[in-house]
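# Reading the structure
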Amino acid sequence: MKNPSALRFFVAIFSVLVLSPAVIAAAEEIKIASTGAGLSTLPLEIAARKGFFRDEGFDVLTITMRTNIAVNALLTRSVEYTTPSTAAINAATAGLPVKTVAVLLGRPDYFLTVKRDVRTVRDLKGKRIAIGSFGAAADLALRTVAKQEGLDPDRDLIRLQMGGAAARYAALISGSVDATILTLPYNLQAETAGYKDLLWLGERLEIPLAGLAVRDETIQKNPKQILGVIRAVFRAMAFAGANREETLQILMNWLRLDREIAARSYELGKRSWSDGGVVSDAAVQSLVDQAMLELKSKAPVPLDKVRNWSFAEQARRELVSSGIGR
């Protein structure tokens, strides 16, 4: 080649294509099953957008699935991680080889939304309450709060299975029920229609609603991957806590929310996310007990069979030592 400048140009292009780290070590592809875009999976979206997964050497694809399908996908090796923690803990309680290794949403993002004349939880005695399904996380949260107020949820509450949040909202607005469990933005729409939030259920209890669960074989064969994924997610949670405005923009663009709902969602998200990526043994035990009740089993299930916090604890220590998080 007679033109030295052209020669140098092609050598430079060759060096970038052949010798760059991206080519030498391709990113490891990881698939995560989730139940959809929302507060519970916001840390995954931030980790992807801000390059935290990429910093760990991962190319992460989040796939929306129904809860039961997500757990099945994990068990059949169609995905490497799944986010519905309650379903994963139920599966582990039943003896399946999965474990929850980190918690994202440690307190329920549920609101007990009621008619204006309902002033206390005890006022719900004899009232009709729309739930998703018996034994689901929202039902468990409602039952727990009712017991705290001295009510028997089976005798004192009329709990009606009505499906998803949109259907429960419609039942409330139509007058078919006196109260229901809603999430953002449905509770805000209910406020506009003349109803009110009686209680944010996260004030009363811990429930690991969303997190990261893996197969037992991944814990045994690829612990570095688990640690890296959790480290990236924890960086995202720390970022969200420290960067309100940018996080609001992500919420508005990703979930197509107006600023008011995005701001409410942000504040709720900060309160609902777990402390240190884990929850108390009591919170896990409540889900194990519920699963055993449904399985009609009395055989004790050690908590080590359903959760492993060692990766979350190590990731937290590493990030704190590097000045990220607390």
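In short, a report on the structure. (Residues numbered from 1 in each chain as written. Predicted model: local features only at pLDDT ≥ 70, side-chain atom pairs only at ≥ 80, totals over all residues. Heavy atoms only, no water.)

### Some words on helix H16 (residues 310–321)
- Given a rise of 1.5 Å per residue, 12 residues ought to cover 16 Å, and the 17 Å separating the end C-alpha atoms of H16 matches this to within 8%.
- Buried residues belonging to H16 abut strand S4 (98–105), helix H11 (216–221) and helix H12 (223–242). (Helix = DSSP H or I, 4+ residues; strand = E, 2+ residues; numbered from the N terminus. Expected span 1.5 Å × (residues − 1). Contact = heavy atoms within 4.5 Å.)

### Concerning the packing of aromatic side chains
- In this structure the tally under the stated criterion is two aromatic pairs.
- When the ring of Phe52 is compared with that of Phe239, the centres are 6.3 Å apart and the planes differ by 65 degrees; the resulting orientation is edge-to-face. Residue Phe52 is found in helix H4 (residues 52–55), and its partner Phe239 is found in helix H12; the two are separated by 187 residues along the sequence. The burial state of Phe52 is the same as that of Phe239; both residues are buried.
- Both rings, one in Tyr169 and one in Tyr186, keep their centres 5.9 Å apart while their planes meet at 45 degrees; by these two values the pair is tilted. One end of the pair, Tyr169, is in helix H9 (residues 165–174); the other, Tyr186, is in helix H10 (residues 186–192), with 17 residues separating them in the sequence.
- On the basis of relative accessibility, which here comes to 19%, the residue Tyr169 falls in the buried class.
- Residue classification places Tyr186 among the partly exposed positions, given a relative accessible area of 25%.
- Directly above the ring of Trp200 sits Arg271, whose terminal nitrogen or CZ lies 4.2 Å from the centroid.
- Here Arg316 stacks its cationic end above the ring of Phe234, 4.4 Å away from the centre of that ring. (Phe/Tyr/Trp six-rings, centres within 6.5 Å; stacked < 30°, edge-to-face > 60°. Buried < 20%, exposed > 50% of the residue type's maximum accessible area, 1.4 Å probe, protein only. Lys NZ or Arg CZ within 6 Å of the ring centre and 35° of its normal.)

### Overview of the sheet that holds strand S9 (residues 196–200)
- Pairing in this open sheet of five strands is mixed, and the strands run S7-S6-S8-S5-S9 from one edge to the other. The open sheet is flanked by strand S7 (158–161) and S9, the only strands paired with a single partner. Sheet twist, expressed as the mean angle between neighbouring strand axes with direction ignored, is 30 degrees.
- Its contacts with the sheet place H9 against strand S5 (111–114), strand S6 (128–131) and strand S8 (179–182), and it is angled at close to 150 degrees to S8. (Pairing = 2+ DSSP bridges. Axes fitted to C-alpha atoms, helices over the stretch in contact; angles between N-to-C directions.)

### Notes on the packing of H12 against helix H13 (residues 244–255)
- Remark: H12 packs on H13, axes separated minimally by 6 Å, with the N-to-C direction vectors making an angle of 110 degrees. The angle between H12 and H13 falls in the class roughly perpendicular. Here H12 contributes Phe239, Ala240 and Ala242 to the contact with H13, which in turn contributes Arg244, Glu246 and Thr247.
- For the contact of H12 with H13, the class distribution of residues is three nonpolar, one polar and two charged. (Parallel < 35°, antiparallel > 145°, perpendicular 65-115°, else oblique. Nonpolar A, V, L, I, M, F, W, Y, C, P; charged D, E, K, R; others polar.)

### Focus: the pattern of salt bridges
- Applying the stated criterion across every chain, the model contains 22 salt bridges.
- Among the ionic pairs, Glu45 bridges to Arg49, the shortest N-O distance being 2.7 Å. With a gap of four residues between them, Glu45 and Arg49 both fall in helix H3 (residues 42–49), about one helical turn apart.
- Arg204 serves as the salt-bridge partner of Glu149, at 2.9 Å between the closest nitrogen and oxygen. Placement of the pair is Glu149 in the loop between helix H7 (137–148) and helix H8 (153–156) and Arg204 in the loop between S9 and strand S10 (210–215), with a sequence separation of 55 residues.
- According to the relative accessible area criterion, Glu149 is partly exposed, its value standing at 24%.
- One salt-bridge network, held together by shared partners, links Arg244, Glu245, Arg259, Glu267 and Lys270. (Salt bridge = Lys/Arg side-chain N within 4 Å of Asp/Glu carboxyl O.)

### Points about the layout of surface pockets
- Within this model, the largest pocket holds a volume of roughly 1300 Å³.
- Looking at the lining of the largest pocket, the elements that each hand over two or more residues are strand S3 (81–84), helix H6 (85–93), H7, H9, helix H14 (259–272) and helix H15 (281–295).
- No other element matches the four residues that H7 contributes to the lining of the largest pocket.
- A per-class count over the lining of the largest pocket returns 22 nonpolar, 16 polar and four charged. (1 Å grid on protein atoms, 1.4 Å probe; cavity = no way out; pocket = protein on both sides within 12 Å on 5 of 7 lines; lining within 4 Å. Points joined across faces, edges and corners; volume = space filled by probe spheres on them.)

### Looking at the side chain of Arg231
- For Arg231, the location among the structural elements is in helix H12.
- Residue classification places Arg231 among the buried residues on the basis of a relative accessible area of 19%.

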